[in-house]
Amino acid sequence: MREPADFDAFYDATSRRVLHQLYALTGDLGRARDCTQEAYARAWRQWAAVSAATSPEAWVRGTAWRLASRRWRGGPGGRARWSTAPPGTGSADLVAALLRLPERQRYAVVVRYLAGAAVAEIAAETGTSAATVENRLAKACATLARILPGDIAVLTGGHRV
Amino acid sequence: MSDNLDDSLSRRLSSLESDVAGISLPGPAAARRRAAQRTRHQLTGGVLAGVAAVALGVFAVSPPDFVASPDPAGSPSDSPTPTAVPTTPTQSPSPSTPPVEPSPDPSSGESPGGGEDGGSDSPTVPAGALLTVDDVENDTSEAWAEVDAGASGLPCVPDIPGDAAAVAYESPYDSHIEQFVDPADGAAEARLEELRDELTGCAESGGDFHLIQVWSLSGVGDAGYLLVWNGPPTTPDTQTYVTASLVRTGDFVSAVFHGGPGQDYNAPAQPRLAVLAIERLCGALGTECPTTPEQERLFPEPTGDLDGWLTTDDLAEAGLEALTDGGQVLDSGDEGGPTGYGYVAFTRDPLADGAELLEQRQYGDPMDPGGPILIQERATFADAEGARAHYAELVFEANQFSQPGDVIESTGDVSVPGYEAATWRAEGSGEFASVFVYGAAVSENVVTVVYYGVDQVDVPPEQMQQLLERAAQRIGG
């Protein structure tokens, strides 16, 4: 028996985080919102299984990201539609930099440094090895340090990654 | 990696919170309703015609609640008490009208058909002809309650006709369903058209009113329509969306209006309420009626095939029979138009290479918005030489392209008098496994690319090659 109260509590506890992470992944507030909401709808359809997962939040995040990724790769306007960080905001440079990362690297970075997941958790979530995740993180950080020159010192503590 | 980097990156990423602070999510109840309403369905064939007996329309944020299984017309005790009771008596039906023999409704002292006091020209609506609360109950633990008919407040919903039987329900989430069954002796066909005209006229009246979809409906009763529109009341985040399910059988017209607040409407109108309504009505009439819906979109009017572009027959030959809805052509000057090739492996910029025009057309399944789409793009150059040079660079770079985890293979190329074409296939792995098939072709002064994210239907290399050859052959019209 599905319990709406359990789902509602889960939604209330996690949805803002997932939205935040989807925004970091997509750079598009509207798309992040749409894909997040759709992912929760899908979670409710499979709530018995999702609620029993190791991390239901990771399930929703991964689903939302797949939705966003699919729309990006096959959707109208292609890559240009992702360049929608709010103009004039201080985060625009970070959003633009994230969008230059290959999608798997971007996912690893966001889940590691925003969601706080351990490398092993990311590996399990993405069906790959911890070494691969480490590799993606290293490449992503190197790229970010290169394309955010003003942040190099901050990002690396004065050391090249 | 240093701890400083970890901390700095975490802080920077966390700072994005300020961007999302003003973004509201619709809430868990909206997600559950969306889940209840979004059921995949299959197009069973025919251009813009489909059977969709399961799925429901989607109000993306705050959709009207809905709906139980389409049980056949139940016992009279299943029927709600109509809130508008005809005052006219039964009359002998026309030859085309099934016999009207109202059965008593044990749940009510009132018969929806009235029926004892003669004097009217209209047939009487039989008991049990209206949707029941069980019909409209959804499966997400959200109850509907019967309310007074005629008070839904939904935009453009007409007053209940004087001879009609009516019923209305309301959900805790401010969604409404209102139905009336209107007896129209010998004039049901005209009454249906009149109702459709009235609704479309209102929905196209401007201001906050917008007509979204109109479908003709066959296979449900004698004929019908599905209409979707939005209108007031509006808030900064929502508008009121309404779906009308209009069907006629014999001398009766049933109109069901289903609406509530939402942010957009992103699915084709679904015939389930029309089917439920006709099952109830025909059950009450004691007749058998068809309940196998097929719908054809009337508005927005389908674009159809266009000179110079792949046709829906071309796509069907490639196995993509469901992609029957070719959209409008957008060019790089249009809002939302292409600024470069939309697929990641096409790294060459046609405009930077001298293309004078870049256009894009999408092909989708009209019954599955948000589902699989195939995209074709055309870059038009000043001359064939420019197009050939760009094509050569495009193919070269596509052959070099890679993404970690993707296995990309060239699946063929062809060079014949008049055109050249090449195709590829990219398969991902792991959690994000996805398959894309794509290709490029050149003919005359036009380079075209085609790409498709494989969903339920794959396109094998041979068919993709054929599709690209078709695309090349279509260039120039």
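Look up a bit, the structure's there.
In short, a report on the structure. These figures come from a predicted structure and were not determined experimentally.

## A look at the pattern of salt bridges
All names here are of chain B. This model, assessed by the stated rule, comprises 21 salt bridges over all chains. Two residues, R196 and E193, come together in a salt bridge whose shortest N-O distance is 4.0 Å. One end of the pair is R196 and the other is E193, both in helix α5 (residues 188-203) and three residues apart, which spans about a single turn. For E420, the salt bridge identified is with R388, shortest N-O distance 2.8 Å. Taken as a pair, E420 in strand β15 (residues 419-427) and R388 in helix α8 (residues 384-400) lie far apart in primary sequence, 32 residues in all. You can call E420 partly exposed: its relative accessible area is 25%. One network of salt bridges, with partners in common, ties together D314, E317, R470 and R474.

## With respect to unusual backbone geometry
All names here are of chain B. Cis geometry is found at the peptide bond from P232 to P233, where omega equals 0 degrees. Tracing the backbone shows P233 in the loop between β6 (223-231) and β7 (239-249). For the bond from F299 to P300, the omega torsion is -5 degrees, close enough to zero to count as cis. Within the fold, P300 resides in the loop between β9 (291-299) and α7 (312-317). Positive phi values are uncommon outside glycine, yet E444 reaches one of about 55 degrees. Tracing the backbone shows E444 in the loop between β16 (435-443) and β17 (446-453). Classification of E444 as partly exposed rests on a relative accessible area of 45%.

## Some thoughts on the packing of aromatic side chains
The geometry of an aromatic ring pair is captured by the separation of the ring centres together with the interplanar angle, meaning the angle of the planes. Scanning the model with the defined rule gives 16 aromatic pairs over all chains in all. Taking 6.4 Å as the distance between ring centres and 50 degrees as the angle between the ring planes, the aromatic pair formed by F7 of chain A and Y11 of chain A counts as tilted. Highlighted residues: F7 of chain A and Y11 of chain A, both in helix α1 (residues 4-26), separated by four residues, approximately one helical turn. The same class applies to F7 of chain A and to Y11 of chain A, which are both buried. An aromatic cluster is built from Y341, Y343, F346, W424, F436, Y438 and Y451 of chain B, whose rings are joined through pairwise contacts. Directly above the ring of W309 of chain B sits R378 of chain B, whose terminal nitrogen or CZ lies 5.5 Å from the centroid.

## A short note on the nonpolar core
In this structure, F7, Y40, L98, V109 and L144 of chain A together with L13 and L16 of chain B are the most contacted members of the largest nonpolar core, which totals 55 residues. The greatest single-element share of this core, amounting to nine residues, is contributed by α1 of chain A. Built from parts of two domains, this core gets at least three residues from each of domain 1 (1-84) and domain 2 (86-161) of chain A. When sequence neighbours within four positions are dropped, the list of residues in contact with L16 of chain B reads H20, Y23, A24, S91, L94, V95 and L98 of chain A.

## Here's the deal with helix α2 (residues 29-45) of chain A
All names here are of chain A. Over its 17 residues, α2 runs 25 Å from end to end, which matches the ideal 24 Å to within 8%, given 1.5 Å per residue. The buried count for α2 comes to 13 of 17 residues, which makes it a mostly enclosed element. For α2, the N-terminal cap is D28; the gap from its side-chain oxygen to the backbone nitrogen of G30 is 3.0 Å.

## Quick notes on the pairing of strand β13 (residues 373-380) of chain B
All names here are of chain B. Among the eight residues in β13, seven count as buried, and that is most of the element. When strand β12 (residues 357-364) meets β13, the two strands line up antiparallel, connected through eight bridges. For E359, the partnering residue across the bridge sits in β13 and is R378.

## Here's the deal with the side chain of T423 of chain B
Residue and element names in this part refer to chain B. Position of T423 relative to the elements: it lies in strand β15. Judged by its relative accessible area of 2%, T423 is buried. Reaching out from T423, the side chain makes a polar contact with the side chain of T411 at a distance of 2.7 Å. Setting aside chain neighbours within four positions, we find T423 in contact with E409, S410, T411, G412, Y438, G439, M464, Q465 and L468.

## Side note on the packing of helix α6 (residues 103-113) of chain A against helix α8 (residues 130-147) of chain A
Residues and elements named next belong to chain A. Where α6 meets α8, the closest approach of the two axes is 9 Å, and the angle between their N-to-C directions is 95 degrees. When the interaxial angle is binned, α6 and α8 end up roughly perpendicular. Contacts between α6 and α8 pair R104, Q105, A108, V109, R112 and Y113 from the former with R136, L137, K139, A140, C141, T143 and L144 from the latter. The residue inventory of the contact of α6 with α8, partitioned by class, reads seven nonpolar, two polar and four charged.

About the cut-offs
Residues numbered from 1 in each chain as written. Chains lettered and ligands numbered in written order. Predicted model: local features only at pLDDT ≥ 70, side-chain atom pairs only at ≥ 80, totals over all residues. Heavy atoms only, no water. Salt bridge = Lys/Arg side-chain N within 4 Å of Asp/Glu carboxyl O. Helix = DSSP H or I, 4+ residues; strand = E, 2+ residues; numbered from the N terminus. Buried < 20%, exposed > 50% of the residue type's maximum accessible area, 1.4 Å probe, protein only. Phe/Tyr/Trp six-rings, centres within 6.5 Å; stacked < 30°, edge-to-face > 60°. Lys NZ or Arg CZ within 6 Å of the ring centre and 35° of its normal. Core = buried A, V, L, I, M, F, W, Y, C linked by side-chain atoms within 4.5 Å. Domains from an automatic or database assignment. Contact = heavy atoms within 4.5 Å. Expected span 1.5 Å × (residues − 1). Polar contact = N/O pair within 3.5 Å; in protein donor to acceptor, adjacent residues only side chain to side chain. Pairing = 2+ DSSP bridges. Axes fitted to C-alpha atoms, helices over the stretch in contact; angles between N-to-C directions. Parallel < 35°, antiparallel > 145°, perpendicular 65-115°, else oblique. Nonpolar A, V, L, I, M, F, W, Y, C, P; charged D, E, K, R; others polar.

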